[in-house]
Amino acid sequence: MGSSGQTVLQYVPSPASVSAKVHPLVIFNICDCYVRRPDQAERVIGTLLGSVLPDGTVDIRNSYAVPHNESSDQVALDIDYHQNMLTSHQKVNPKEAIVGWFSTGGVIGGSALIHEFYSREVNNPIHLTVDTEFRTGNASIKAFVSVGLSLGDQQLAAQFQEIPLDLRMVEAEQIGFDVLKPTIVDKLPNDLEGMEATMERLLALIDDVYKYVDDVVEGRIAPDNKIGRFLSDTVAALPKLSPNAFDKLVNDSLQDQLLLLYLSSITRTQLSLAEKLNTAAQIL
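Numbers given to residues run from 1 along each chain, matching the order in which its sequence is written. The predicted origin of the model limits local features to residues at a pLDDT of at least 70 and limits the giving and counting of side-chain atom pairs to 80 or more, whereas totals for whole chains, interfaces and linings rest on all residues. Only hydrogens and water are set aside when side-chain values are computed; all heavy atoms of the structure are taken into account.

- By the naming in an unreviewed UniProt entry, the protein goes by Eukaryotic translation initiation factor 3 subunit F and is assigned to Salvia splendens.
- UniProt positions are given in the numbering used here, feature names are shortened, and annotations may be inferred rather than shown by experiment. UniProt, in the comment section headed Sequence similarities (unreviewed entry), describes the protein in these words: "Belongs to the eIF-3 subunit F family."

Right, here's the structure in full:
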């Protein structure tokens, strides 16, 4: 039986209520910074901006990259650049404050040093990691907080503990996020291809609804009142139009879309031609 003066190894877990919510704009910005990184840089790090919601959730709404150099045992951050960017962002949106930092890839040895710097900027910062290479075909996005490991009164080390992360997107953001997932993309889809993919997805969802309703009517599955009310409200929200009026509405909208594509194509061609003529004039 140990004595009362025995030194105890203590592990202080993070509060169970800590969680984070990240907006898609932050993920797109991190991927863009990774693509534009210097050739010698293996990863990109930066500052996360946002606020803490009343329920304790950290709402991450914006970010910016911070130039840095790191080796196996040391990390150098451009603190002046960090402070200038923070001042510029807060002039636009003073409600956004530092809530943590991000890095591409995973947690490595130098992450503890960077986290220590941000711990002086904000209490209990969030560390967000993004797999920008999408190795598995899915985005690996994780959030961590630092927890302490001490021996008596002496702090020994810090450990990154993963916390719940919520990535919520509307349908338009989801389409853009799905474009980032494939490891090889020949080209980004144009407006017509995007519309075609959206219509195919809509038809697939309608087929699922038809199948569900038929299975309920035939008694193959048990009815769900909640789903039934949702389908009823959805059908009731549709405008009551005759088939001819609906076809005319869709065709008119499609013609407007094609006209906009045609005008934008003419504008791009005119700008390109003007640029080539300007270049030729300067040479002559």
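Quick word on the packing of aromatic side chains
Consideration 1: Pairing of aromatic rings covers Phe, Tyr and Trp, the last through its six-membered ring, and needs centres within 6.5 Å; plane angles under 30 degrees mean stacked, over 60 mean edge-to-face, and all others mean tilted. Across all of its chains, the model carries two aromatic pairs by this definition.
Consideration 2: For the pair Trp101 and Tyr118, a centre-to-centre distance of 6.1 Å together with 10 degrees between the ring planes defines the contact as stacked. One end of the pair, Trp101, is in strand 7 (residues 97-104); the other, Tyr118, is in helix 3 (residues 111-121), with 17 residues separating them in the sequence.
Consideration 3: An angle of 80 degrees between the planes, with centres 5.1 Å apart, marks the rings of Phe117 and Tyr118 as edge-to-face. Judged on exposure class, the residue Phe117 and its partner Tyr118 are both buried.
Consideration 4: Put simply, the rings of Trp101, Phe117 and Tyr118 touch in pairs and so form one group of aromatic residues.
Consideration 5: Placement of a positive charge over a ring is assigned whenever Lys NZ or Arg CZ falls within 6 Å of the ring centre and within 35 degrees of the normal to the ring plane. Lying across the ring of Tyr34, Arg37 places its NZ or CZ 4.0 Å from the centre. Helix and strand assignments follow DSSP, with helices taken as H or I runs no shorter than four residues and strands as E runs no shorter than two, numbered in order from the N terminus. Relative accessibility decides the category of a residue: with a 1.4 Å probe and only protein chains considered, values under 20% of the type maximum give buried, values over 50% give exposed, and everything between is partly exposed.

Digging into the pairing of strand 3 (residues 45-52)
Consideration 1: Counting buried positions along strand 3 yields six of eight residues, so the element is predominantly enclosed.
Consideration 2: A pair of strands is considered paired only if DSSP assigns at least 2 bridges between the two. Bridge count between strand 3 and strand 7: six bridges; the pairing is antiparallel. Counted as the bridge partner of Leu48 is Gly100 from strand 7.
Consideration 3: Hairpin geometry of strand 3 and strand 4 (residues 58-65) is characterised by an intervening segment of five residues between the two adjacent antiparallel strands and by a positive phi of about 95 degrees at Gly56.

Looking at the pattern of salt bridges
Consideration 1: Should a side-chain nitrogen of Lys or Arg be within 4 Å of a carboxyl oxygen of Asp or Glu, the pair is scored as a salt bridge. Summed over all chains, the structure comprises six salt bridges.
Consideration 2: Asp32 is the partner of Arg36 in a salt bridge, and the nearest nitrogen-oxygen pair spans 2.9 Å.
Consideration 3: Taking relative accessible area as the criterion, Asp32 reaches 33% and is therefore assigned partly exposed.
Consideration 4: The shortest N-O distance in the salt bridge between Arg220 and Asp215 comes to 2.8 Å.
Consideration 5: Among the residues examined, Asp215 registers a relative accessible area of 11% and is labelled buried.
Consideration 6: Through salt bridges with shared partners, one network takes in Asp59, Arg61 and Glu96.

So, the nonpolar core
Consideration 1: Among the nonpolar cores identified, the biggest contains 22 residues, and Val26, Leu48, Ile60, Ile126, Leu128 and Ile163 are the most heavily contacted of them.
Consideration 2: For this core, the elements supplying multiple residues, two or more each, are strand 2 (20-22), helix 1 (24-35), strand 4, strand 7, strand 8 (126-130) and strand 9 (141-151).
Consideration 3: For this core, the element with the highest residue contribution is helix 1, accounting for six residues.
Consideration 4: Contacts were defined at the residue level, with two residues in contact if any of their heavy atoms lie within 4.5 Å. Those residues within four positions of Leu48 in sequence are excluded, and the remaining contacts are Val26, Ile60, Asn62, Ser63, Ala97, Ile98, Val99, Gly100, Trp101, Phe102, Ile126 and Leu128.
Consideration 5: Formed by 11 residues, the second largest nonpolar core is a distinct cluster that contains Leu49, Val66, Trp101 and Phe117. Definition of nonpolar core: a set of buried residues of the types Ala, Val, Leu, Ile, Met, Phe, Trp, Tyr and Cys, connected through side-chain atoms within 4.5 Å.

Here's the deal with the pairing of strand 4
Consideration 1: Among the eight residues that make up strand 4, six are buried, leaving the element largely enclosed by the rest of the structure.
Consideration 2: With three bridges connecting them, strand 2 and strand 4 associate as parallel partners. Looking across to strand 4, one finds that Lys21 is bridged to Asp59.

Regarding a nonpolar patch on the surface
Consideration 1: The grouping of Leu192, Met195, Met199, Leu202, Leu203, Ile206, Tyr210, Leu254 and Leu258 at the surface amounts to a nonpolar patch, some 790 Å² of accessible area in total.
Consideration 2: Where the nonpolar patch is concerned, the elements lending two or more residues are helix 5 (191-217) and helix 7 (243-283).
Consideration 3: The leading source of residues in the nonpolar patch is helix 5, at seven residues.
Consideration 4: With respect to the secondary-structure elements, Leu192 resides in helix 5. Patch membership requires more than 30% relative accessible area and the absence of a salt bridge. Residues of like charge join within 9 Å; the nonpolar side chains Val, Leu, Ile, Met, Phe, Trp and Tyr join within 5 Å. All accessibility values rest on the Shrake-Rupley procedure with a 1.4 Å probe; residue burial counts only the protein chains present in the view.

Quick look at helix 1
Consideration 1: Given a rise of 1.5 Å per residue, 12 residues ought to cover 16 Å, and the 17 Å separating the end C-alpha atoms of helix 1 matches this to within 8%.
Consideration 2: Considered for burial, the residues of helix 1 that qualify are Pro24, Val26, Ile27, Ile30, Cys31, Cys33 and Tyr34. Given a helix with a known number of residues, its expected span is that number minus one, times 1.5 Å.

Some points on the environment of Ala143
Consideration 1: Considering the arrangement of structural elements, one finds Ala143 in strand 9.
Consideration 2: Residues Ala143 and Gln161, 18 residues apart in the sequence, show an inter-C-alpha distance of 8.4 Å.
Consideration 3: Other than its neighbours up to four places away in sequence, Ala143 contacts Ile126, His127, Leu128, Gln161, Glu162, Ile163 and Leu165.

Considering the layout of surface pockets
Consideration 1: For the largest pocket, the calculated volume is near 550 Å³.
Consideration 2: As for the largest pocket, its lining consists of 26 residues, of which Pro38, Ala41, Arg43, Val44 and His68 are closest to the centre.
Consideration 3: Secondary-structure elements contributing two or more residues to the lining of the largest pocket are helix 1, strand 4, strand 5 (68-70) and helix 2 (79-92).
Consideration 4: Classes in brief: Ala, Val, Leu, Ile, Met, Phe, Trp, Tyr, Cys and Pro nonpolar; Asp, Glu, Lys and Arg charged; the others, Gly included, polar. Partitioned by chemical class, the residues of the lining of the largest pocket number 12 nonpolar, eight polar and six charged.
Consideration 5: Considered as a void within the structure, the second largest pocket measures approximately 370 Å³ in volume.
Consideration 6: Buried and open spaces are told apart on a 1 Å grid over the protein atoms alone, a cavity being a set of points where a 1.4 Å probe fits but cannot get out and a pocket being an open set with protein on both sides within 12 Å along at least five of seven lines. Residues with an atom within 4 Å of a point are the lining residues. In terms of lining, the second largest pocket is formed by Leu202, Leu205, Ile206, Val209, Tyr210, Val213, Phe230, Leu231, Thr234, Val235 and Leu238. Grid points are joined across faces, edges and corners, and a volume is the space filled by probe spheres set on the points.

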